[in-house]
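# Working through the structure, step by step
The chain contents come next:
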Amino acid sequence: MSTTTVGIKLEEQFESEQQQRETAKLGMWTFLATELLLFSGMFISALVIRTLHPDSVTAVALHLKFWIGATNTAVLILSSFCMSVAIESSRLGLQRIMVRAMLLTAALGVLFMCLKGYEYYRDYVEHMTPFLHWRRYELVGDPASRLFTDLYFIITGLHAIHLTIGIGLMLVMSWLASRAGFLQKHQNRIEIVGLYWHFIDLIWMIVFPTLYLLNR
Amino acid sequence: MTPSDYVLRDLEVPPPVIDVPDDYLHADQSLWSWFVTTDHKRIGILYLVSITGFFILGSIAAGLVRLSLVVPDGEIFTNDVYNRLFTLHGVIMVWFFLVPSIPNTLGNFLLPLMIGAKDLAFPRLNLLSWYIFMGASLFTVFVMVWGGVDTGWTFYTPLSTQYSNGWVLAAVFGVIMVGFSSILTGLNFVVTTHKLRAPGMTWFRLPLFVWGNYATSLILVLATPVLTIAMILLFVERAFGLAIFDPDHGGDPVLFQHLFWFYSHPVVYVMVLPGMGVMSELVTAFAYKKIFGYKFIAFSSLGIAAIGFFVWGHHMFYNGESPYAGLTFSLMSFIVAVPSAIKVYNWAATIYKGEIRLDTPMLYAMGWIGLFVIGGVTGLMLASTALDGHVHDTYFVVAHFHYIMVGATVVAFLGGIHFWWPKITGRMYSEPWGRVSALLMFIGFNMTFLPQYVLGYLGMPRRYHVYPPAFQPLNVLSSAGAVVLAAAYIFPMVYLIYSLWYGERAGPNPWEAKGLEWTVPSPPPKHNFETIPTVDFEPYDYPNVIPEA
Ligand SMILES: [Cu+2]
């Protein structure tokens, strides 16, 4: 197994490598704080709708595919583990293991998206798509249930967009990181991308109980 | 003289030595170099030029609104045009002028200089933020001028989702995009303040302008995403029928208002906190005296930012909010006034027995205190649930927030521009014209907006252009004030631009002010400091100190 030296290239606005590392990390954490607030707006909306129409929300929640959601939760936890392996091996200079771990992370992300796509398809088949005005809505006698169904699509959709960006980042990074000399110059980029990936997983850990569990 | 004399003399003149100065303005003079620059100083100037353009556009819309209100029967414009005009005015002024006004121009320029850094933490992100800003703002302005939006800047549902026939979707998209620009700038400032301070530049040696911008950036980072999501929910409801707020299905339009004001109240502090930061620099420099109560002012910035997140409900006292929630939000709104008052007292104590010089920036600063106190105290009236019942949705509210947004933000912006103009451009402007403009601003502003307090108290509702004839005299007075105010804006644009070529050269420190930015040449060199300074002095170490009681 070959290891390489690990480091980062200093940009001109920084005085030391440590300063550059800390700055990048704080930048990412600050960005993640904004992401958390973005999703909080939807979580609070879910809570408000649940308080206004508890029975309608339960009716919708019983239509959500609990086992697909639960499997997806496990898939993302596993992907976060792979990302941790990638970060740890980048620190140790194990370039090849790192790249493979990142590819595996991306693959698990794709698996999540496939399962999610299948779940949307099931929702469509079960007539749980009230915004498609040409298609009959399953709970048509319960107009308030529409609110929560719509919110389910918005929250999971926005999360899916974030995950797709994450998969794209992961693929680009593993391509860049497979080149010789990457770890000498840009090791900390792996850590930064990793933070983002862990965070999307974390968001799902809030999305899952908020939508699937709380209302059953 | 004969032509041969010319030739003779020309021969005697030694070939000119072109002395190209090595500052950031002259480092590379091509136009292209400005569009790819990552220099925080140049990006500050890019922002200054663009927001000035939007300010002019927003002011024209305001002028047309005031024109319409000269007559009581609303005959100058149709209802639709009037609604589109005040929406245009509101959206442009809030998102394309006020929010970026001080942070993205003066803040961008000064933050690295003040903390002793070569640049912001993420210079390329800074440029990206400007491009997003320009894309979003030009798009939105086009949409609002070409198609028109009539919802007001607040985009309340279900008006915006179901009834409005304007180009709401496009405008909402533009507002979402400009939010990303705010977030990137806020993020950059937060990280820069934490990580790029020069050796010895401890938190309590930071200029208070930096504290103000730091608190502002925290708000930008934490509040803007909530606006983004509120606007996304509005967008998908109008565009795709994904109902969230739709009352037809039992949705709650007030939920939108909660999400909207969770951003839009704190964003008032985004506009005011940097202005307060400018104030701390101005009063110390022109009273030539150490700031009174440095830590109180610094922490009150954070206090305003923090408490400001818990007052948003005061916009919904009469929109179906429970009286208990109303009581809580009322209380919080009173509490958030305390740190603002602390600042005002501290500036007053700083000026007290100082060696006061009434140069242009100080005139703006004095006007600022007066306008901010009036705006703040009327804000407290609006924050009390009983009084708000009387003046809710009237011109009283309009007058109040213009005292804060114009009286505090625009006046501080102009004061700051005059104060740092010699640093930014290396030139001095005409001092007499500066003083005249500062005075005109104070007179014109009060003439425009004091009558609106009275109008609102007498019951004139906002956003209508037809009103009872009895209100006409005060409306005419207000519109006349707007003309004076316009002059106060046009003068600086003229003499400041004139000074770029004909102004006297300013030395590194024309005001004899303290702070790292005054230790470098004017205009500063490309990388700010030849070597990163080590800070071993306290902030505002002016010779005069607080007199003994
Ligand atoms: Cu408010």
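Given the structure is predicted, the values throughout are model-derived calculations rather than measurements. (Residues numbered from 1 in each chain as written. Chains lettered and ligands numbered in written order. Predicted model: local features only at pLDDT ≥ 70, side-chain atom pairs only at ≥ 80, totals over all residues. Heavy atoms only, no water.)

### Considerations on the overall build of chain B
- A count of helical and extended segments in chain B gives 17 helices and 0 strands.
- Computed over its C-alpha atoms, the radius of gyration of chain B comes to 24 Å, within 12% of the 24 Å expected for a compact globule of 549 residues.
- Its C-alpha atoms give chain B principal-axis dimensions of about 85 × 65 × 45 Å.
- Intrachain contacts of chain B at a sequence separation of at least 6 include 84% that bridge at least 24 residues.
- Total accessible area on chain B stands at roughly 21200 Å², and carbon and sulfur atoms take up 70% of it.
- Each charge class in chain B can be summarised by its mean position, and for the 25 positive and 32 negative side chains these summaries are 6 Å apart. (Helix = DSSP H or I, 4+ residues; strand = E, 2+ residues; numbered from the N terminus. Rg over C-alpha atoms; globule rule 2.2 N^0.38 Å. Contact = heavy atoms within 4.5 Å. Areas by Shrake-Rupley, 256 points an atom, 1.4 Å probe, with all protein chains shown as cover. Lys, Arg positive; Asp, Glu negative; His and termini not counted. Charge placed at Lys NZ, Arg CZ, Asp CG, Glu CD.)

### Description of the packing of helix H3 (residues 40-68) of chain B against helix H15 (residues 395-425) of chain B
Residues and elements named next belong to chain B.
- Put simply, H3 and H15 touch, their axes get as near as 14 Å, and they point 145 degrees apart. Here the hand of the crossing between H3 and H15 comes out left-handed. Contacts between H3 and H15 involve Ile45, Leu48, Ile51 and Arg66 on the former and, on the latter, Tyr395, Phe413, Ile417 and Ile424.
- When grouped by side-chain class, the residues that make up the contact of H3 with H15 number 7 nonpolar, no polar and 1 charged. (Axes fitted to C-alpha atoms, helices over the stretch in contact; angles between N-to-C directions. Left-handed = near helix turned anticlockwise from the far one by under 90°. Nonpolar A, V, L, I, M, F, W, Y, C, P; charged D, E, K, R; others polar.)

### A look at the packing of helix H10 (residues 266-287) of chain B against helix H13 (residues 360-383) of chain B
All names here are of chain B.
- Remark: H10 packs on H13, axes separated minimally by 9 Å, with the N-to-C direction vectors making an angle of 130 degrees. When the axes of H10 and H13 are compared, the pair comes out oblique. Crossing geometry of H10 relative to H13 is assigned as left-handed. Counted together, Val272, Gly275, Met276, Met279, Leu282, Val283 and Phe286 of H10 and Pro361, Met362, Ala365, Trp368, Ile369 and Phe372 of H13 form the full contact between these two elements. (Parallel < 35°, antiparallel > 145°, perpendicular 65-115°, else oblique.)

### A word on the coordination of the copper ion
Residue and element names in this part refer to chain B.
- Coordination of the copper ion by the protein comes from His265 (ND1), His314 (NE2) and His315 (NE2), over a distance range of 1.8 to 2.0 Å.
- Motif for the copper ion, donor spacing along one chain: H-x48-H-H.
- The buried category is assigned to His314, whose relative accessible area is 15%.
- Taking the relative accessible area as the measure of exposure, His315 reaches 22% and is therefore partly exposed. (Donors = N, O, S within 2.8 Å, 3.2 Å for Na, K, Ca; no water. Buried < 20%, exposed > 50% of the residue type's maximum accessible area, 1.4 Å probe, protein only.)

### A closer look at H15(B)
All names here are of chain B.
- A maximum bend of about 45 degrees is found in H15 at Phe419, where proline Pro422 lies one to four positions downstream.
- Of all 31 residues making up H15, 30 are buried, and the element is well covered by its neighbours.
- Between a side-chain oxygen at the N-terminus of H15 and the backbone nitrogen of Phe396 the separation is 3.1 Å; the capping residue is Thr394.
- Backbone geometry just downstream of H15 places Gly426 in the positive-phi region, at approximately 80 degrees. (Bend = angle between axes of the 7 residues up to and from the residue. Polar contact = N/O pair within 3.5 Å; in protein donor to acceptor, adjacent residues only side chain to side chain.)

### Examining the packing of aromatic side chains
- For the structure shown, the criterion picks out 57 aromatic pairs over all chains.
- With a centroid separation of 5.8 Å and an interplanar angle of 85 degrees, the aromatic rings of Phe139(B) and Phe173(B) are classed as edge-to-face. You can see Phe139(B) sitting in helix H5 (residues 123-146) and its partner Phe173(B) sitting in helix H7 (residues 168-195), a full 34 residues away along the chain.
- The class of Phe139(B) is partly exposed, set by a relative accessible area of 34%.
- In this structure Phe173(B) comes out as partly exposed when scored by relative accessible area, which is 39%.
- Aromatic ring contacts, followed pair by pair, group Phe66(A), Trp67(A), Phe112(A), Tyr120(A), Phe131(A), Tyr152(A), Phe153(A), Trp204(A), Phe208(A) and Tyr212(A) into a single cluster.
- Directly above the ring of Tyr120(A) sits Lys116(A), whose terminal nitrogen or CZ lies 5.1 Å from the centroid.
- When the ring centre of Tyr124(A) is taken as reference, the NZ or CZ atom of Arg135(A) above it lies at 3.9 Å. (Phe/Tyr/Trp six-rings, centres within 6.5 Å; stacked < 30°, edge-to-face > 60°. Lys NZ or Arg CZ within 6 Å of the ring centre and 35° of its normal.)

### Some thoughts on the interface of chain A and chain B
- The partner chain B presents 36 residues to the 35 residues of chain A that form the contact.
- Of the roughly 2900 Å² buried between chain A and chain B, counting both surfaces, carbon and sulfur atoms make up 73%.
- Summed over the shared surface of chain A and chain B, the result is 3 salt bridges.
- For Lys195(B), the salt bridge goes to Glu22(A), with nearest N and O atoms at 3.2 Å.
- Connecting chain A to chain B are 10 residue pairs in polar contact (both at pLDDT 80 or more).
- For the side of chain A that touches chain B, the element with the most residues is helix H1 (residues 17-52) of chain A, which contributes 19 residues.
- Per-class residue counts for the side of chain A that touches chain B are 20 nonpolar, 9 polar and 6 charged. (Buried area = accessible area lost by both parts, 1.4 Å probe. Salt bridge = Lys/Arg side-chain N within 4 Å of Asp/Glu carboxyl O.)

### What about a positive patch on the surface?
- Judged by side-chain charge, Lys9(A), Arg179(A), Lys185(A) and Arg189(A) come together as a positively charged surface patch.
- Tracing the backbone shows Lys9(A) in the segment before H1. (Patch = residues over 30% accessible without salt bridge, like charges linked within 9 Å, V, L, I, M, F, W, Y side chains within 5 Å.)

### Some points on H10(B)
- Taking 1.5 Å of rise per residue, the 22 residues of H10(B) would be expected to cover 32 Å, and the 31 Å separating its terminal C-alpha atoms lies within 8% of that figure.
- With respect to burial, H10(B) is a largely interior element, 22 of its 22 residues being buried. (Expected span 1.5 Å × (residues − 1).)

### So, the nonpolar core
- Core analysis: the largest hydrophobic core is formed by 240 residues, its most contacted members being Trp95(B), Phe155(B), Trp347(B), Trp368(B), Trp420(B) and Met441(B).
- Contact partners of Trp95(B), with chain neighbours within four places excluded, come to Pro100(B), Phe133(B), Trp153(B), Phe155(B), Val175(B), Val178(B), Leu227(B) and Tyr263(B). (Core = buried A, V, L, I, M, F, W, Y, C linked by side-chain atoms within 4.5 Å.)

### Things to note about the environment of Tyr212(A)
Residue and element names in this part refer to chain A.
- Its location among the elements puts Tyr212 in helix H6 (residues 182-213).
- Each C-alpha atom of the pair Tyr212 and Met113 lies 17 Å from the other, and the pair is 99 residues apart in sequence.
- Setting aside anything within four residues of it in sequence, one finds Tyr212 in contact with Leu64, Lys65, Phe66, Gly69, Lys116, Glu119, Tyr152, Trp204 and Val207.
- At 2.6 Å, the side chain of Tyr212 and the side chain of Glu119 are in polar contact.

### Quick look at the pattern of salt bridges
All names here are of chain A.
- By the definition in use, this model includes 19 salt bridges over all chains.
- The partner of Arg122 in a salt bridge is Glu126, with the nearest N and O atoms 3.8 Å apart.
- Arg122 gets classed as partly exposed once you look at its relative accessible area, which sits at 29%.
- Given the relative accessible area of 25%, Glu126 is considered partly exposed.
- Among the salt bridges present, the one from Arg146 reaches Asp150, with a minimum N-O distance of 3.5 Å. Of this pair, Arg146 and Asp150 both sit in helix H5 (residues 145-177), 4 residues apart, which is roughly one turn of that helix.
- For Arg146, a relative accessible area of 15% gives the class buried.

### A look at unusual backbone geometry
- Cis geometry is adopted by the peptide bond preceding Pro158(B), which originates at Thr157(B) and carries an omega value of -5 degrees.
- In this structure, Pro158(B) sits in the loop between H5 and helix H6 (159-163).
- In the segment running from Ser522(B) into Pro523(B), the intervening peptide bond is cis, with an omega of -10 degrees.
- When you line up the elements, Pro523(B) lands in the segment after helix H17 (472-502).
- Unlike most non-glycine residues, His127(A) shows phi in positive territory, near 60 degrees.
- By relative accessible area, which is 19% here, His127(A) ends up buried.
- Notably, Glu512(B) is not glycine yet its phi reads approximately 55 degrees, a positive angle.
- Inspection of the secondary structure assignment puts Glu512(B) in the segment after H17.
- Here Glu512(B) falls in the partly exposed class, since its relative accessible area comes to 45%.

### Overview of a nonpolar patch on the surface
Residue and element names in this part refer to chain B.
- On the surface, a nonpolar cluster with roughly 460 Å² of combined accessible area is contributed by Ile56, Leu57, Ile60, Leu64, Leu67 and Ile76.
- Looking at where Leu67 falls in the secondary structure, it is placed in helix H3.
- The class of Leu67 is partly exposed, set by a relative accessible area of 41%.

### Regarding the side chain of Thr105(B)
Residues and elements named next belong to chain B.
- Along the chain, Thr105 falls in helix H4 (residues 79-115).
- One polar contact links the side chain of Thr105 to the main-chain carbonyl oxygen of Ser101, over a distance of 2.5 Å.
- With near-sequence residues (within four places) excluded, Thr105 lies in contact with Gly44, Tyr47, Leu48, Ile51, Pro100 and Phe413.

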